[in-house]
Amino acid sequence: MFTVTTAEQLEARHIVDVVEKRSYGVQLKGFCPPDTLQLARDKLAGLKSAFSGQNEFVRVGKAYIEIDDEPSRTEYHALALPNIRRIRNLFRPLASPIDELRLLLDEVWPSGAHLLQVEGRKCFVGIARFQGSGVDLTPHTDDLERNTPPGHGRQLLSQLSTNIYLQIPEDGGELEIWGIEPDEEEYRRLRGERAYGIERHLLPPPDFVVKPEPGDLILLNPRLIHAVRPSATSTRITLGVFIGYYGENQPLAYWS
Ligand SMILES: O=C(O)CCC(=O)C(=O)O
Ligand SMILES: [Fe+2]
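Residues numbered from 1 in each chain as written. Chains lettered and ligands numbered in written order. Predicted model: local features only at pLDDT ≥ 70, side-chain atom pairs only at ≥ 80, totals over all residues. Heavy atoms only, no water.

## Brief notes about the coordination of the iron ion (ligand 2)
Thought 1: Within the protein, the atoms that donate to the iron ion (ligand 2) are His140 (NE2), Asp142 (OD) and His226 (NE2), at distances of 2.1 Å.
Thought 2: Between consecutive donor residues of the iron ion (ligand 2), the sequence gaps follow H-x1-D-x83-H. Pair noted here: His140 is in strand β8 (residues 137–140) and His226 is in strand β13 (residues 226–228), with a separation of 86 residues, a long-range link. Residue His140 shares its accessibility class with His226, and that shared class is buried. (Donors = N, O, S within 2.8 Å, 3.2 Å for Na, K, Ca; no water. Helix = DSSP H or I, 4+ residues; strand = E, 2+ residues; numbered from the N terminus. Buried < 20%, exposed > 50% of the residue type's maximum accessible area, 1.4 Å probe, protein only.)

Written as structure tokens, this is what we have:
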């Protein structure tokens with residue numbers, strides 16, 4: 001199952017279906033209206049070139065997955081609120097799609113949604129990702145616990161991932177999902193010597209493939225192996241948000 005709907009029609013049960021892996025995901029068509037999409041592309045392209053001239057996987061904002069020691073942890077949390085406000089300001093006078101997603105989750109989820117805190121420190125949310133031409137986002141899983149401080153307290157029951165698609169190549173850029181959920185040990189074994197992701201030839205063909213259109217939002221379960229097909233010609237641009245799930249009667253908590 002894969003749910004295709006709109007932000008207006010989204011219900012908590014659609015999210016629970018992804019948590020419970022009854023559904024490969026939820027696609028919200030036209031989440032980001034055309035004027036916001038145009039503004040996002042214009043402003044983010046400027047930001048990205050200021051950042052790096054390279055044609056690879058570039059992030060604007062610091063992601064939780066980049067934390068690997070105490071200084072990078074301190075830097076991540078110190079930049080969290082300034083970067084949230086930087087993105088909000090970038091979209092003025094329009095609403096930032098990240099803020100709209102935060103409100104939507106708060107409205108739809110029975111006990112609401114808020115920014116994740118780890119050991120009392122606020123997280124960043126709303127990372128922009130540029131997947132340059134020829135870059136393969138190889139099959140992988142995502143797990144907050146890989147980068148949190150040991151014994152930091154509340155463990156997630158599940159993790160979701162949401163992407164808002166700003167620019168999608170004509171060729172490639174499909175999201176692929178496998179109905180395979182390796183545990184951490186199995187994942188490390190599949191990854192072998194690689195710093196990131198699993199070699200495609202070690203896996204069967206994906207169980208579900210979707211090509212989003214610009215403006216769409218897709219919610220998936222990143223504990224299932226997933227990947228993004230490369231494009232030979234152009235850059236794929238997304239805004240990414242992870243969502244922590246602690247049970248049906250608990251608030252959701254988001255971060256990037
Ligand atoms: O960009 C996408 O479609 C998926 C990216 C991804 O790996 C994730 O959302 O966890
Ligand atoms: Fe992922």
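## Observations concerning the nonpolar core
Thought 1: Ile164, Leu166 and Trp255 are the most contacted members of the largest nonpolar core, which has 58 residues in total.
Thought 2: Aside from chain neighbours lying at most four places away, what touches Ile164 is Phe31, Cys32, Pro97, Ile98, Leu101, Asp216, Leu217, Ile237, Thr238 and Leu239. (Core = buried A, V, L, I, M, F, W, Y, C linked by side-chain atoms within 4.5 Å. Contact = heavy atoms within 4.5 Å.)

## Here's the deal with the pairing of strand β14 (residues 236–245)
Thought 1: The element β14 is largely enclosed, with a buried count of 10 among its 10 residues.
Thought 2: Note: strand β7 (residues 127–131) against β14, 5 bridges, orientation antiparallel. Residue pairing across strands places Arg129 opposite Thr238, the latter belonging to β14.
Thought 3: Bridge count between strand β9 (residues 158–167) and β14: 9 bridges; the pairing is antiparallel. Among the inter-strand pairings, Tyr165 is bridged to a residue of β14, identified as Thr238.
Thought 4: Where β14 folds back on strand β15 (residues 252–255), the antiparallel hairpin that results is connected by 6 residues, among which Gly247 adopts a positive phi of roughly 125 degrees. (Pairing = 2+ DSSP bridges.)

## Observations regarding the packing of aromatic side chains
Thought 1: Applying the stated criterion across every chain, the model contains 5 aromatic pairs.
Thought 2: Ring geometry for Tyr24 and Phe208: centres 5.5 Å apart, planes at 15 degrees, overall stacked. Separated by 184 residues along the polypeptide, Tyr24 in the loop between α1 (12–19) and β2 (25–28) and Phe208 in strand β11 (residues 208–210) bring together distant segments of the chain.
Thought 3: Of the residues examined, Tyr24 reaches a relative accessible area of 22% and is grouped as partly exposed.
Thought 4: Judged by centre distance (6.0 Å) and plane angle (80 degrees), the rings of Trp109 and Tyr245 are edge-to-face. (Phe/Tyr/Trp six-rings, centres within 6.5 Å; stacked < 30°, edge-to-face > 60°.)

## Some remarks on the side chain of Lys62
Thought 1: If you trace the backbone, Lys62 turns up in the loop between β3 (57–60) and α3 (70–91).
Thought 2: Accessibility expressed as a relative area gives 13% for Lys62, which makes it buried.
Thought 3: Discounting chain neighbours no more than four positions away, the residues touching Lys62 are Ser72, Glu75, Tyr76, Leu79, Asn83, Phe124, Ile127 and Ser256.

## Notes on the site of ligand 1
Thought 1: Looking at ligand 1, the residues that line it are Leu137, His140, Asp142, Ser161, Asn163, Tyr165, Leu175, Leu220, His226, Val228, Arg236 and Phe242.
Thought 2: In the model, an oxygen atom of ligand 1 is placed 2.8 Å from a nitrogen or oxygen of the Arg236 side chain.
Thought 3: Put simply, the parts of the chain that give the shell around ligand 1 at least two residues each are β8, β9, β13 and β14.
Thought 4: In terms of residue count, β9 provides more of the shell around ligand 1 than any other element does, 3 residues in total.
Thought 5: The class makeup of the residues in the shell around ligand 1 is 6 nonpolar, 4 polar and 2 charged. (Near = heavy atom within 4 Å. Polar contact = N/O pair within 3.5 Å; in protein donor to acceptor, adjacent residues only side chain to side chain. Nonpolar A, V, L, I, M, F, W, Y, C, P; charged D, E, K, R; others polar.)

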